[in-house]
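Secondary and tertiary structure notes
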Amino acid sequence: MLNIDEIQNGIVIDHIKAGTAVGLMELLGITQNRTASVALIQNARSHKSAEGKKDIIKVEGDYHWLNLDVMAYIDPNITITVIENGKAVKKAKPQLPHRLVNIVKCRNPRCISTIEEECDQIFELSANGKYRCIYCEQELQVQPK
């Protein structure tokens, strides 16, 4: 069995859909951060997952630069455990953020955010639980993989 050391201070992002953790790391900027100590565990056994496997990301040290809210959009089953002095002090499921800023791109070719390079890609959560572009009202069709 694979053994990864426990972290003393940081976070554990658990219950990630198997095979999607690398994309999640890129989206969160973990791959660009050269100071974070990161462990990626792919296809770990899981009794809770329908597939029987999951991915796990462990980030040692300061994690406050991470946009954790976006994780609920990417995978609603993700859990985040905060570790301090080697002990789990908080475990939570992220809530859907009210806004997604520069996470996904509008697919409407006429949208100002598509035409103007410096325009932020902003989607807001609507009353029906779907995200819409604030400029053209285009609804997001598919969540990222």
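Structure report, in brief. The structure presented is a predicted model; accordingly, all values stated were derived computationally and were not measured.

Calculation rules
Residues numbered from 1 in each chain as written. Predicted model: local features only at pLDDT ≥ 70, side-chain atom pairs only at ≥ 80, totals over all residues. Heavy atoms only, no water. Phe/Tyr/Trp six-rings, centres within 6.5 Å; stacked < 30°, edge-to-face > 60°. Helix = DSSP H or I, 4+ residues; strand = E, 2+ residues; numbered from the N terminus. Buried < 20%, exposed > 50% of the residue type's maximum accessible area, 1.4 Å probe, protein only. Salt bridge = Lys/Arg side-chain N within 4 Å of Asp/Glu carboxyl O.

This next bit is on the packing of aromatic side chains. Tallied over the entire structure, the rule returns one aromatic pair. With a centroid separation of 5.4 Å and 85 degrees between ring planes, the pair formed by Tyr73 and Tyr131 is classed as edge-to-face. Here the residue Tyr73 occupies a position in helix α2 (residues 70-74), and Tyr131 occupies one in strand β8 (residues 131-133), the gap between them amounting to 58 residues. According to the relative accessible area criterion, Tyr131 is buried, its value standing at 4%.

Turning our eyes to something else, we now look at the pattern of salt bridges. Two side chains that carry opposite charge are able to pair once their charged atoms sit near each other. Evaluation of the coordinates by the stated rule reveals four salt bridges. We note a salt bridge from Lys54 to Asp14, for which the minimum N-O separation is 3.1 Å. Of this pair, Lys54 sits in strand β3 (residues 53-60) while Asp14 sits in strand β1 (residues 10-17); the two residues are 40 residues apart in sequence, bridging distant segments of the chain. Neither Lys54 nor Asp14 differs from the other in exposure class; each is buried. A salt bridge links Lys130 to Glu139; the nearest nitrogen and oxygen atoms lie 3.7 Å apart.

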